[in-house]
Amino acid sequence: MTDLQIKKSLLSYPGDSIQEHIDHIGMSQAELAERLGRSIPKLNELIKGKAPITKETATKLEYVLGVSASFWINLERTYQDELLEIEQMEHLEQCQEWVSSFPLAKMKSFGLLPDTRNKPELADGLLKFFRVASPTQWSDIYNGSSLAFKIELRHTAEPQAISVWLRLGELQADKIKVTAFDKKKLRNSLDQIQDIAFKHSATWLEELQSLCASCGVALVYTPCIAKAPIYGATRWIKNNSIPLIQITDRQKDYNAFWFTFYHELGHILYHGKKDIFIDGIVSIKPDKEKEDEADAFAARMLLSEKERNELFQYPNFDRELILLLSQKFKKHPGIIVAQVQRQYSHLYKNARLNSLKTKVEFTELSI
C-alpha cells in the first residue's frame, strides 16, 4: 500500500467515537438525537463525518455522554488535520506528470528540491518554489496570459527550464537590499561601472552588484541551466518598483558578460517598466527597435566610437599592442581582444591574444 492508501485506511471519523460511546452505555442513535435536541438524520450526518463537531455540539455531548467538550473539539481538529493532509497528498499525486518536465537534477544540486525520487515530494517543492497552488496556475503564469505576470513562454521549446531560471533570479533579488530606483544616479555611475570592468578586481562581481543596488537596481548572477538558452533578462519586479537585471554565465566570457550587462542596463535606461526582455530565446519575438537601441548602448559602453576608430586603424594586432591600448582606453584587454576578433575572425585562434581573455563562471547560487 502507498502512504496515501495507508493514511486513508487509518482515517477515523469523530463520529466513530460517538458511536462507540453510545454503544458502550447502551444508548441508541434515536435516543442520543433526542437528548441532544437534533433530528436523527442530522445526528447520522455527524456520526458519518458529513457534518463537523462544532463547539456547541461538543458542549452538548459533554452533558449527554459525560465526556469533556475539549475532547470532542480536539478529536474534530485532529480529524480535519488528517483529512487536509490526505487531500494535499491526493493533490500532489495528481501533479506527478507535471513534475517530470522540470530540470530536477539541476534544481536538486542547487538545493531547491529535496534529494528524492518521490514525485509527490518533488511536486510539493516545485509548487512552493514557484509560489503557485497547482500546475494550472504555473501554466497560467508562464504559458498563458496572466494579468499579473507578462512572461509568456508558450512558444518556447522548454518553458519549464526557462521558468526555473527566471524564478531563481527573483529569489536571488529578494536577498539584495536596494535603494529606491534613481535613474539619474544610475547614469552618473556609468564611469564607475566602466572602471570596475577595466580594473577587474578579485571582487568585481560584488562591486558591480553593490553599485547597482545603490542606484536601485537588483543585479543577480544566475548559473546557466540546460535547455534555458538565455544570456540575460531584464524586468521590473515588486509592483514595478525595482528593475531586475539577471545574467547567466552561459558564454563563460568576460566580454560577453559585459555586453549582456550593458545591453540589459540599456533597457532600464531607455525603455519602460512594463517591458520584459529575455535575450537568447529565438522563439520569443523581440522588439527590434528596442533591442537595437540596447545593443548600440552596450557597444558604446564597451568601446566608444573614438576608441573603435583608433583601434581599427592598426593593420596587425599582438598582445603588446592590446595591453598598450587597454591602458590608454581604460578598458579591459579581454574586451578589446573580443572586439578585434569579431572584426577579424582568423584571430580567434591566436593563442597569445586569447591569453588576455578572462573566464566568467558563477560557481555559487545565493538564495
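Here the structure is a predicted model, which means the values were calculated and not measured. (Residues numbered from 1 in each chain as written. Predicted model: local features only at pLDDT ≥ 70, side-chain atom pairs only at ≥ 80, totals over all residues. Heavy atoms only, no water.)

## Quick look at the environment of Lys183
Here comes step 1: The residue Lys183 is located in helix H12 (residues 183–188) in this model.
Here comes step 2: Each C-alpha atom, one on Lys183 and one on Val217, is 9.4 Å from the other, the two residues being 34 residues apart in sequence.
Here comes step 3: Residues within four places of Lys183 in sequence aside, it is in contact with Ile268 and Leu269. (Helix = DSSP H or I, 4+ residues; strand = E, 2+ residues; numbered from the N terminus. Contact = heavy atoms within 4.5 Å.)

## Side note on helix H4 (residues 40–47)
Here comes step 1: Of the residues making up H4, those classed as buried are Leu43, Leu46 and Ile47. Down the axis, H4 shows its buried residues gathered within 95° of arc, on one side only.
Here comes step 2: Where H4 is buried, its residues meet helix H2 (14–25), helix H3 (29–36) and helix H5 (55–65).
Here comes step 3: Between the side-chain oxygen of the N-cap and the backbone nitrogen of Lys42 there are 3.2 Å, and the N-cap of H4 in question is Ser39.
Here comes step 4: Positive phi appears at Gly49, one or two residues downstream of H4, with a value of about 80°. (Buried < 20%, exposed > 50% of the residue type's maximum accessible area, 1.4 Å probe, protein only. Arc of directions from axis to C-beta. Polar contact = N/O pair within 3.5 Å; in protein donor to acceptor, adjacent residues only side chain to side chain.)

## Section: the side chain of Ser189
Here comes step 1: Tracing the backbone through its elements, the reader meets Ser189 in the loop between H12 and helix H13 (190–199).
Here comes step 2: Residue classification places Ser189 among the buried residues on the basis of a relative accessible area of 3%.
Here comes step 3: Residues contacting Ser189, with those up to four places away along its chain left out, are Leu211 and Cys215.

## What to know about the environment of Asp249
Here comes step 1: With respect to the secondary-structure elements, Asp249 resides in the loop between strand E3 (242–247) and helix H15 (254–270).
Here comes step 2: With a relative accessible area of 4%, Asp249 lands in the buried category.
Here comes step 3: Remark: the alpha-carbon pair of Asp249 and Ile225, spanning 24 residues in sequence, is separated by 9.6 Å.
Here comes step 4: Not counting the four nearest positions on each side in its chain, Asp249 is found in contact with Thr222, Pro223, Cys224, Val360, Glu361 and Phe362.
Here comes step 5: At 2.8 Å, the side chain of Asp249 forms a polar contact with the backbone nitrogen of Phe362.

## A short note on the pairing of strand E2 (residues 232–237)
Here comes step 1: Across the six residues that make up E2, a large majority, six, are buried.
Here comes step 2: The two faces of E2 match: Gly232, Thr234 and Trp236 on one face and Ala233, Arg235 and Ile237 on the other face are all buried.
Here comes step 3: Note: E2 against E3, six bridges, orientation antiparallel. When the sheet's bridge partners are listed, Arg235 is paired in E3 with Leu244.
Here comes step 4: Linking two consecutive strands that pair antiparallel, namely E2 and E3, is a turn of four residues; a positive phi of about 55° is found at Lys238 within it.
Here comes step 5: Bridging between E2 and strand E4 (residues 277–279) involves three bridges; their strand directions are antiparallel. In the strand pairing of E4, Ala233 is matched with Ile278. (Pairing = 2+ DSSP bridges.)

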